[in-house]
Amino acid sequence: MSASVLKSSVNIQSPEFAKNTRKVVDLVAQIKNEEEQINQGGGAKAIESQHKKGRLTARERLKKLVDPGTHFFELGIFAAYEMYEEWGGAPAAGTITGIARVCGRMFMIIANDATVKAGAFFPMTAKKVIRAQNIAIENHIPTIYLVDSAGVFLPLQEDVFPDTDDFGRVFRNNAVMSAMGIPQLAAIMGMCVAGGAYLPLMCDHILMTEGSGLFLAGPALVQAAIGQKTSAEDLGGAKMHSQISGTVDFREPDDDACITRIRALVDKMGAANPSPFSHVASREPLHPGSEIYGVFSNDPGKQYDMREIIARIVDASEFEEYRSEYGETLLCGYARIGGWAVGIVANQKKHVQTTARGSDQKRMEFGGVIYTESAEKAARFILDCNQNRIPLIFLHDVNGFMVGKDAEWSGIIRAGAKMVNAVSNSVVPKITVICGGSFGAGHYAMCGKAYDPRFIFAWPTARYAVMSGDAAASTLVEIKLKQLEREGKKVDEKVKKELYDSVRATYEHQTDPRYAAARLWVDAIIDPAHTRDALITALEAAALNPDIREFKTGVLQT
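Let us look at the structure shown here.

## Quick notes on the pattern of salt bridges
Opposite charge on two side chains allows them to pair when their charged atoms are near. Under the defined criterion, the tally for this structure stands at 26 salt bridges. Salt-bridge contacts for Lys127 lead to Asp166; the nearest nitrogen and oxygen are separated by 3.1 Å. With Lys127 in helix H4 (residues 123-139) and Asp166 in the loop between strand S4 (143-149) and helix H5 (167-180), this pair connects stretches of sequence that are 39 residues apart. Between Arg307 and Asp305 there is a salt bridge, and its shortest N-O distance comes to 3.6 Å. Judged by relative accessible area, which is 18%, Asp305 ranks as buried. Salt bridges sharing common partners tie together Glu34, Asp512 and Arg514.

## Considering the pairing of strand S3 (residues 105-112)
Burial analysis of S3 places eight of its eight residues in the buried class, which makes it a mostly covered element. Covered by surrounding structure in S3 are Arg105, Phe107, Ile109 and Ala111 together with Met106, Met108, Ile110 and Asn112, the residues of both alternating faces. In this sheet, S3 lies alongside strand S2 (residues 95-102) in antiparallel orientation, the contact comprising eight bridges. Bridging across to S3, Thr95 finds its partner in Asn112.

## Thoughts on the packing of aromatic side chains
Evaluated as defined, the whole model comprises 15 aromatic pairs. Measuring from ring centre to ring centre gives 5.3 Å for Phe296 and Trp459, while their planes differ by 80 degrees; the resulting arrangement is edge-to-face. Of this pair, Phe296 sits in the loop between helix H11 (292-295) and helix H12 (306-310) while Trp459 sits in the loop between strand S18 (455-458) and strand S19 (463-465), and the two are 163 residues apart along the sequence. Side by side, Phe296 and Trp459 carry an identical accessibility label, which is buried. Counting every residue linked through ring pairs, the aromatic cluster contains Tyr84, Trp87, Phe122 and Phe153. Against the face of Tyr515 rests Arg519, its NZ or CZ located 3.5 Å from the ring centre.

## Points about the packing of helix H3 (residues 58-65) against helix H10 (residues 255-267)
The description of two packed helices rests on the angle between their axes and on the distance between the axes. Their axes nearest at 10 Å, the elements H3 and H10 cross at an angle of 40 degrees. Between H3 and H10, the angle is such that the two are oblique. Viewed along their axes, H3 and H10 form a crossing whose handedness is right-handed. Facing H3, whose interface residues are Arg61, Lys64 and Leu65, H10 presents Asp255, Asp256, Ile259, Ile262 and Arg263.

## Focus on helix H20 (residues 531-542)
One turn of an α-helix holds 3.6 residues; hence residues three or four places apart share an orientation. Taking 1.5 Å per residue, twelve residues should reach 16 Å; H20 reaches 16 Å between its end C-alpha atoms and fits that length. In terms of residue burial, H20 counts as a mostly covered element, since ten of its twelve residues are buried. The set of residues buried in H20 consists of Thr531, Arg532, Ala534, Leu535, Ile536, Thr537, Ala538, Leu539, Ala541 and Ala542.

## As for the layout of surface pockets
Rolled over the atoms, a probe as big as a water molecule pinpoints where empty space is left. Each pocket or cavity is described by its volume, and for the largest pocket that value is around 860 Å³. Lining the largest pocket are 31 residues; nearest its centre among them are Glu35, His71, Phe72, Phe73 and Glu74. Those elements that provide at least two residues to the lining of the largest pocket are helix H1 (15-38), H3, strand S1 (73-75), S2, strand S20 (524-525) and H20. At five residues, the largest contribution of residues to the lining of the largest pocket is made by H1. Of the residues in the lining of the largest pocket, the class split is 15 nonpolar, six polar and ten charged.

## A closer look at unusual backbone geometry
Unusually for a residue other than glycine, Glu82 sits at a positive phi of about 65 degrees. Residue placement: Glu82 occurs in the loop between S1 and S2. Given the relative accessible area of 45%, Glu82 is considered partly exposed. Backbone geometry places Lys117, a non-glycine residue, at a positive phi of 50 degrees. Mapping Lys117 onto the fold places it in the loop between S3 and H4. The exposure class assigned to Lys117 is partly exposed, which follows from its relative accessible area of 34%.

## Overview of H10
Taking 1.5 Å as the rise per residue, H10 with 13 residues should run 18 Å; its terminal C-alpha atoms sit 18 Å apart, in good agreement. Among all positions in H10, only Asp255, Cys258, Ile259, Ile262, Leu265 and Val266 are buried. Down the axis of H10, the sector holding all buried residues measures 120 degrees, keeping them to one side.

## Quick word on the packing of helix H13 (residues 372-387) against helix H15 (residues 412-425)
Two elements in contact, H13 and H15, have axes whose closest approach is 8 Å; the angle formed by their N-to-C orientations is 25 degrees. With respect to H15, the element H13 is oriented roughly parallel. At the point where H13 passes H15, the crossing takes the left-handed sense. The segment H13 lies against H15, with Thr372, Ala375, Glu376, Ala378, Ala379, Ile382 and Leu383 engaging Ile412, Ala415, Gly416, Lys418, Met419, Ala422 and Val423.

## Re the environment of Glu325
Looking at where Glu325 falls in the secondary structure, it is placed in the loop between strand S9 (320-321) and strand S10 (330-337). By relative accessible area, Glu325 is classed as exposed at 74%. Taking C-alpha positions, Glu325 is 30 Å from Ala534, a pair spaced 209 residues apart along the chain.

Analysis parameters
Residues numbered from 1 in each chain as written. Predicted model: local features only at pLDDT ≥ 70, side-chain atom pairs only at ≥ 80, totals over all residues. Heavy atoms only, no water. Salt bridge = Lys/Arg side-chain N within 4 Å of Asp/Glu carboxyl O. Helix = DSSP H or I, 4+ residues; strand = E, 2+ residues; numbered from the N terminus. Buried < 20%, exposed > 50% of the residue type's maximum accessible area, 1.4 Å probe, protein only. Pairing = 2+ DSSP bridges. Phe/Tyr/Trp six-rings, centres within 6.5 Å; stacked < 30°, edge-to-face > 60°. Lys NZ or Arg CZ within 6 Å of the ring centre and 35° of its normal. Axes fitted to C-alpha atoms, helices over the stretch in contact; angles between N-to-C directions. Parallel < 35°, antiparallel > 145°, perpendicular 65-115°, else oblique. Left-handed = near helix turned anticlockwise from the far one by under 90°. Contact = heavy atoms within 4.5 Å. Expected span 1.5 Å × (residues − 1). 1 Å grid on protein atoms, 1.4 Å probe; cavity = no way out; pocket = protein on both sides within 12 Å on 5 of 7 lines; lining within 4 Å. Points joined across faces, edges and corners; volume = space filled by probe spheres on them. Nonpolar A, V, L, I, M, F, W, Y, C, P; charged D, E, K, R; others polar. Arc of directions from axis to C-beta.

So this is what it looks like as structure tokens:
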């Protein structure tokens, strides 16, 4: 056996393993049940209304579009979760986005869900479409739009219309993608009105089904604006745009025919440029991914070995660990996932006994904390991966950087800045998985959302914020108590506890991964047992972009 093979010492028969498994499985089941509810879109009546118009729902269209027997990797399903409730909610933000195979080729698919407010764009709808487009731009993923939308949700137009991450950015991205040579196909399979009418016109191919409408202003608005009376069909129907305006390339009788035509067009597309990243035949890990349930613990008082997680994700459980005896609270090393070469940066959750720098004194380093040595190691490792064109995987379970006099004297800020610099300027694809906690500056240094990961995933066990719920509640309550004392008010222990519990509950709700996914801070909440599959999909997508710009870091605080 190669020395690089990770040997597992986990006792899968232990009570602790069973306890961990139950906790994680319960969370996974909860997430899956909520996803099933979201999949219903606007509900049974709205689905029936769509069918009465002779149209399929967005999810029915997707099922027919993607290759049989392949998986639609959905992104942003929790977008707008628990938002817009005063308007009846907007499940999945009224649009479906994700990656799938069509005629064997990887595509980003963006489909309006007309069962949710006629597919209207809420503020989060625009942001979700833009995020999908940005993923397509970063990874050069061809894109298919299934258009069925009434346009902007007018009661919230001020939050949809004007800004750089609002509705207009969608069409700007269409133009940018076209200029980059990223293929785009648009199928109008319902309404496509007002500003939204520009989207299909900026794509390579435009398809339109009978009974659909494409116009800048509908019949009622036209009559109000210029006094002209006209039917929707004469104004912007499929026949008119096919025979008179010459706007659409293909007029199709129904959804089924339109999807068949899309697949026929995709079938003729040329191959993508070769990937610059190392890829060989994939090998399965030596241990099943389902064992991650029992290995992982999100109990702050419990330790686990992140190598055990890595052993259940990487090919053949092989991991070439970099500087294994230095900065041990961060694991760095080389591996393959699905045959793709990767560099892994992962928080180690085991406490480590080490020797203090500059002395022979022993000290204990806490798992999940980034120390000066671990930050320096990670920064250097990230530089090496960029030098050698190796994509980076970040596995989060981080409390933050070490604090205190010893840490400050060791140069923790300087080392942390070095790591953040390396992450910020990295030019190889970065993919982030938030497994457990991801707090404070540790979130940044481990390639949080602000540091442009190509994809960012979270487990149901993920928690991230400036600090943990307990720490935040204690801090916020202390501030509140001092404020009340200045006002001359006395607070007994009962009121203090109620205040603490209230603050902690609010804070905990906001650190939940669904809260983050609702705001698109994460692209998907994934089953820990399927982490490898998600990473393989992300790596295959990243490999479609052959362009790697020159790597520069600027000034490093050495």
